[in-house]
Amino acid sequence: MRAHLLRNLARAASRNGTAAARAAAPAPQSWRRLATSPLATDAVNLDLSQAKALTCHNMMCEHVGEPCGCRIAAFLERRSFPKLETLSLRGAGLRAVPDAVLRLPRLRELDLSRNELLRALPDDLAALESLETLDVTETALEALPPRLFHLPRLRR
């Protein structure tokens, strides 16, 4: 199946004049498949920014058809990620940081960039004492929680 997909991508790339090497890049892994993987709880790096499975299908949600924080929260809450150090939620359509993020004790890097609807960060984010990098570029943040400045390892 993957080989078939890569062949089709390579054909499309050659027709569009784009590099065939770009077509050989692995497709984003479905979050459902990752959530059921026995290795999922051992993950150290997790990039949910490209996961198409994060598109919301909940008819009660205002993000139907778009990436949604409720899907991310559901994924993170279904599994425990005690070893997770890097989490990218770039461009995920977040309005708020999911509470499950606050329960990642080893998190060193958190990418919340390109979440244009994100207006505030929770004060409890300061409980992530291992946090070194927090990317909030291209968000609607008006201010950062004052406690965030007391994190000993936070560099940027």
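Further up the page is the structure itself.
Since the model is a prediction, treat every value here as computed from it, not as a measurement.

The rules behind these values
- Residues numbered from 1 in each chain as written.
- Predicted model: local features only at pLDDT ≥ 70, side-chain atom pairs only at ≥ 80, totals over all residues.
- Heavy atoms only, no water.
- Helix = DSSP H or I, 4+ residues; strand = E, 2+ residues; numbered from the N terminus.
- Buried < 20%, exposed > 50% of the residue type's maximum accessible area, 1.4 Å probe, protein only.
- Contact = heavy atoms within 4.5 Å.
- Pairing = 2+ DSSP bridges.
- Axes fitted to C-alpha atoms, helices over the stretch in contact; angles between N-to-C directions.

(A) Looking closely at unusual backbone geometry. Here the phi dihedral of Arg-114 falls at roughly 60°; this positive angle occurs in a residue that is not glycine. Looking at where Arg-114 falls in the secondary structure, it is placed in the loop between strand S3 (109-111) and strand S4 (133-135). Relative accessible area serves as the criterion here: at 39%, Arg-114 is assigned to the partly exposed category. A positive phi angle, near 60°, is found at Glu-138, a position not held by glycine.

(B) A look at the environment of Val-136. With respect to the element layout, Val-136 can be found in the segment after S4. For the pair Val-136 and Leu-118, spaced 18 residues apart in the sequence, the C-alpha separation amounts to 9.0 Å. Apart from residues no more than four positions distant in its own chain, Val-136 is found in contact with Leu-112, Ser-113, Leu-121 and Leu-141.

(C) The arrangement of the sheet that holds strand S2 (residues 86-88) in detail. Ordered by their spatial adjacency, four strands build an open sheet running S1-S2-S3-S4, and the pairing between neighbours is parallel. Because the sheet does not close on itself, it has two edges, and the strands there are strand S1 (45-47) and S4. Along the sheet, successive strands turn relative to each other by an average axial angle of 0°, direction set aside.

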